[in-house]
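Notes for the structure review
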Amino acid sequence: MASTAPSGMPSSKEKKYDRQLRLWGADGQNKLEASHIALFGASAAGCEILKNLILPGIGRFTIIDDKKVEESDLGVNFFLDDDSVGKSRAERTAALLGELNPDVEGDYIEDSFSNLVATKPELFQPGWTPFTHIIVVSPFNTDDVLKLSPEIPTFLVHSIGSTAMLRISASTRCVVDTHPDTLIDLRLLNPWEELSAMVAEKTKDLGIAEKDGGMSDHEHGHVPYVLLLLKFLEDWKAAHGGNPPSTYAEKNAFKDMIRNSMRMDVPGGSEENYEEAIAAVLKNIRAAEISSHTKAVLEDPRCINPTPECETFWIIAHAVREFMNRDDQGAGLLPLSGGFPDMKAESSTYVALQNIYRSRARRDATFVHENAKAVLRKLGRDPELITLDEVSLFTKHANFVRRINYRTIAAEYNFPPDDFHKKAVTSALQSYNAEWNPSLIYDYVALRAWQEYYSKIGQLPGEDDNYLDSDIREQMRITAVDYLSSIGYQSNIDHRLDQMLQEIIRAGGSELHVIASLIGGIVAQEIVKVITSQYVPVNNTVIFDGIKSRTSVFEF
Amino acid sequence: MTFAQGPRWKQLERVRNRKGAFTDDDYAPQDQAEFLDDCKILVIGAGGLGCEILKNLALSGFTNIHVIDMDTIDLSNLNRQFLFREADVGKPKAEVAARFVMKRVKGCTITPHYCAIQDKDTDFYMQFKLVICGLDSVEARRWINSTLVDMVDPNVMETLKPLVDGGTEGFKGQSRVILPTITSCYECSLDMLTPQTAVPICTLASIPRQPAHCIEWASILEWPRVFGDKKMDTDNPEHIQWLYEAALARAKEFNIMGVTYSMTQGVVKNIIPAIASTNAIIAASCCNEALKILTNMNPFLQNYMMYTGDEGVYTHTFEHQKKEGCPVCGTSAIDFEVSPDITLADFIDKLKEQPDIQIKKPTITTQRRKLYFQAPPELNELTRPNLDKKLSELADSGEEFAITDPGLPFNLRLNVIFTK
């Protein structure tokens, strides 16, 4: 997108997208605008998903559907009108959705998913396909989705009555900009030279009363709490064999130590900077820990042995690993984020202290950058491929990066499914409890039975009003039991499963607009996260129960 | 008016006409035909949530909808408010939204009201079966909540109007069902909002540390100093440009980095990021609950769902409990403990800091005397000396204080109890 300097007045495009640019920035927006989304199935849910992607400005979309618009579509799909009846559903929805945003190009193909998978495999082949992301909306045949490439990000969606489900499949996603709640890292137990020097300078007269030549109340009340904590930590360690306070009791004693040197004879009876220091003890006095997600990245074979073809993410991760391992660089610590909170202080002291953290973060990033360049050279790649900006974004988020390995659709939907799937479902079934762990695992089994039934029989269970309810119920029970035995789970039909089967048959394949719209929002959020490579997408299944208004997430 | 009928509504009717696993034993959809035919719903707000809500209700078979919104369409609405186009910028949201949905969904009537909710009286609100709110203002939510609670006559069922409320911020949002006087109300949960801690004026005036401090200095202190009484218009790009330049110069003076035009606008307009997908989730959740409440086709939400989409998907669905002594749906005055030695001015500051009260310019009286009046000027002058007096000079422990405030849609009653 055309972007102006951050200082100038916004362009009209920046004005239009202002409320979302505040979330994913110009970089996220550029990625959205480069995407081409294919929607297979112009159902209400499908069109609601696209609406939520066209509005924020994806590049292109193509709707694939072979149906003619029926009157019953109008009662559930907002992107059809009276004039549409009898015409191509793909064409009409593409036209009405296209009106939402003139920046987005829309197209349609009047054909079915099954037919295209069989006759035009190049549409689904990495390297050949024009589509960057694929959405497939139920009803679809299991056999057809099994033919999709695990390399192309794919979103399978069910919206049946009050229940809805999304399954994501894609190649590994590596996310740097995960937008954690905070990036603040004070490193109180690992101060470096410049920081310790500032502590010494700014706290040397701390214990001396003003009349004895010490600080005035104003000065005393404006020593930044980070410096106070570092100073009192030195005192504590001197009195405790060099160890910082670690237990809860010790931390409380440490708080008392700070409180005891606060000046009370000041207006208000206490000093704000000391109060801030006390409040920060429990959260900030602790060893720098590496998150489990970052560990997973650093231990990934792609990080340990980056290849000439690999994404820059793995090169930088490798460079961070080297940084940590080297005594002359991180010496066991991750690069510093540079995130620094506001605190009571004089402007100049605050800025100077903040700069100590920022310089340290820049120093760490520069080390990582040098390491990355060396790796690139070794791999025979352009050493300038990775910029300091890209490295800095990574090091800023070093403790929050994510690697998501998506399991393939085949691993879940083959008959029988693989062991991982069997274990995932079995353990969820075993830990289900209607009272204290009412997960939506039985909703999954019911939806799975629906999918197997449709793929086998070609009918939506419950769609025929003349069909005996008890017969279809029995058939669905058998399908569910077949699936459960395929994963090695032998048990009677649980009450919850029976209820969910009944609900799904009740819908008879009908969509409720509210549920279609709700899953449309969920799927669009996930697609935006996958496209922008920001925030953390679901791995890999989310189910919504519209009766109790709850969700469950599973890795199947 | 007829609720959803005919071939167009086949999918909805199929679900509605069949008994489900969770419906009541005596569920009989045909019995409700009359109720639904006459079922008027009020939508408050025609913005990000409102556009979605109107579409959802129209496609849930409701044929008689009113919508109320006092705003006009802005370019920055178009990334999510899908009933509006660039040519609509400047027109009233309620009118454009109503027209669009009526044109698309035949048989649905939507009556727009281009005004503030406070402009309507109790008779207006009494005509609806249910109210759905998609607002971005705490103040407006408090007003409609307290209005609907006050309207309840326990002897007349029809006076109880379920209120379904939704809100979003970025990838997060929440929806809830309020049965006025029966379940926890909006006021009961006011302390769940993140407290908006104002930066002390002295920080802005003399020791700024953050870019936001420089921006607030420009808008709160520098603008009035330079322009006197001239009102700042946060929608006027020239005003924003001036604030931005003033903030930038101040930031430079203090070596603070990061002031941008966009940040200036964000701070002075208190902009909350908003996207189409989150609005879709929350609006659909609200309308799903409305549909269940009005048709009984499934049990409805008890009574609160929080949705978090920035890290995976996480929802927390729980029953928020009524707050004992809620100033709106409770019956008695709330106990409020305070030192007798603080001044009335300190007491007012304390009230302002309370996350569950949230007032700005209170007027305070007791049964015996007028403690402090904001207006008219004569009363303000008369009561101003009280600000410097200790509470113990003005009242006895346990005495009831009545507090009114422009931000408060009801009279707050506090039993002010002196601590020893």
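Within each chain, residue numbers correspond to sequence positions counted from 1 in written order. The order in which chains are written sets their letters, starting at A; the order in which ligands are written sets their numbers, starting at 1. Local features are withheld for residues below a pLDDT of 70 in this predicted model, meaning they are given only at 70 or higher, and side-chain atom pairs are given and counted only at 80 or more; totals for whole chains, interfaces and linings count all residues. Computation of side-chain values covers all heavy atoms of the structure but excludes hydrogens and water.

**Focus on the domain arrangement of chain A**
Residue and element names in this part refer to chain A.
- The assigned domain composition of chain A is domain 1 (12–177 + 513–554), domain 2 (193–284), domain 3 (292–347 + 356–404) and domain 4 (416–507).
- Centre-to-centre separation of domain 2 and domain 3, based on C-alpha positions: 33 Å.
- Computed with a 1.4 Å rolling probe, the buried area is the accessible surface lost when two parts are put together, summed over both parts. In total, about 940 Å² of surface goes out of reach between domain 2 and domain 3, with carbon and sulfur atoms giving 67% of it.
- The rule for a salt bridge is simple: a side-chain nitrogen of Lys or Arg has to be within 4 Å of a carboxyl oxygen of Asp or Glu. For the pair domain 2 and domain 3, the number of links is 1 salt bridge.
- Secondary structure is summarised from DSSP: a helix means a run of H or I of at least four residues, a strand means a run of E of at least two, and numbering begins at the N terminus for each. Only α8 (193–203), α10 (225–239) and α12 (272–284) provide two or more residues apiece to the side of domain 2 that touches domain 3. For the purposes of this description, domain bounds are those given by an automatic or database domain assignment.

**Some remarks on unusual backbone geometry**
- The linkage connecting F415 of chain A with the following residue, P416 of chain A, adopts the cis geometry, with an omega of 0°.
- Residue position: P416 of chain A is located in the loop between α18 (409–413) and α19 (419–431).
- Omega for the peptide link from Q302 of chain B to N303 of chain B comes to -15°, which places this bond in the cis form.
- Mapped onto the fold, N303 of chain B is located in the loop between α11 (276–295) and β7 (304–308).
- At H179 of chain A, a position not held by glycine, the phi torsion is positive, near 55°.
- Take H179 of chain A: it is sitting in the loop between β7 (173–175) and α8.
- The partly exposed category is assigned to H179 of chain A, whose relative accessible area is 26%.
- Here the phi dihedral of R187 of chain A falls at roughly 50°; this positive angle occurs in a residue that is not glycine.
- Turning to its location among the elements, R187 of chain A is positioned in the loop between β7 and α8. For every residue, the accessible area obtained with a 1.4 Å probe (protein chains only) is divided by the maximum for its type, and the residue is called buried under 20%, exposed over 50%, and partly exposed between those limits.

**Comments concerning the nonpolar core**
- Buried residues of nine kinds, namely Ala, Val, Leu, Ile, Met, Phe, Trp, Tyr and Cys, make up a nonpolar core once their side-chain atoms join them within 4.5 Å. If you look at the biggest cluster of nonpolar residues, it comprises 166 residues, and the most contacted ones within it are F40 and I441 of chain A together with I132 of chain B.
- By residue number, the principal contributor to this core is helix α23 (residues 513–532) of chain A, which donates 12 residues.
- Not counting residues within four places of it along the chain, the set of residues in contact with I441 of chain A comprises V425, A428, L429, Y432, F554 and F556 of chain A.
- One finds F232 and Y274 of chain A together with W223 and A247 of chain B within the second-largest nonpolar core, a separate group that totals 54 residues. Any two residues whose heavy atoms approach within 4.5 Å at even a single point are treated as in contact.

**Some points on the interface of chain B and chain A**
- Counting from both sides, the interface comprises 86 residues of chain B and, opposite them, 91 residues of chain A.
- Of the roughly 7300 Å² buried at the junction of chain B and chain A (both faces included), carbon and sulfur atoms supply 55%.
- If you look at where chain B meets chain A, you find 7 salt bridges.
- Between E52 of chain B and K51 of chain A there is a salt bridge, with its nearest N and O atoms 2.5 Å apart.
- What qualifies as a polar contact is a pair of N or O atoms within 3.5 Å, subject to a donor-acceptor requirement within protein and to the restriction that residues adjacent in sequence count only when both atoms come from side chains. Our count for the chain B to chain A interface comes out at 43 residue pairs in polar contact (both at pLDDT 80 or more).
- Going through the elements one at a time, α1 (10–17), α3 (48–58), α4 (93–104), α9 (237–253), α10 (261–269), α11, β7 and β8 (314–318) of chain B are the ones with two or more residues in the side of chain B that touches chain A.
- The biggest single contributor to the side of chain B that touches chain A is α11 of chain B, with 12 residues.
- Only Asp, Glu, Lys and Arg are considered charged, only Ala, Val, Leu, Ile, Met, Phe, Trp, Tyr, Cys and Pro nonpolar, and every remaining residue, Gly among them, polar. Among the residues forming the side of chain B that touches chain A, the class breakdown is 42 nonpolar, 26 polar and 18 charged.

**Comments concerning the pattern of salt bridges**
- Applying the stated criterion across every chain, the model contains 55 salt bridges over all chains.
- The partner of R259 of chain A in a salt bridge is D256 of chain A, with the nearest N and O atoms 2.9 Å apart. Linking R259 of chain A with D256 of chain A, this pair stays in helix α11 (residues 248–260), spanning 3 residues, or about one helical turn.
- By relative accessible area, R259 of chain A is classed as partly exposed at 34%.
- One network of salt bridges, with partners in common, ties together E48 and K51 of chain A together with E52 and K55 of chain B.

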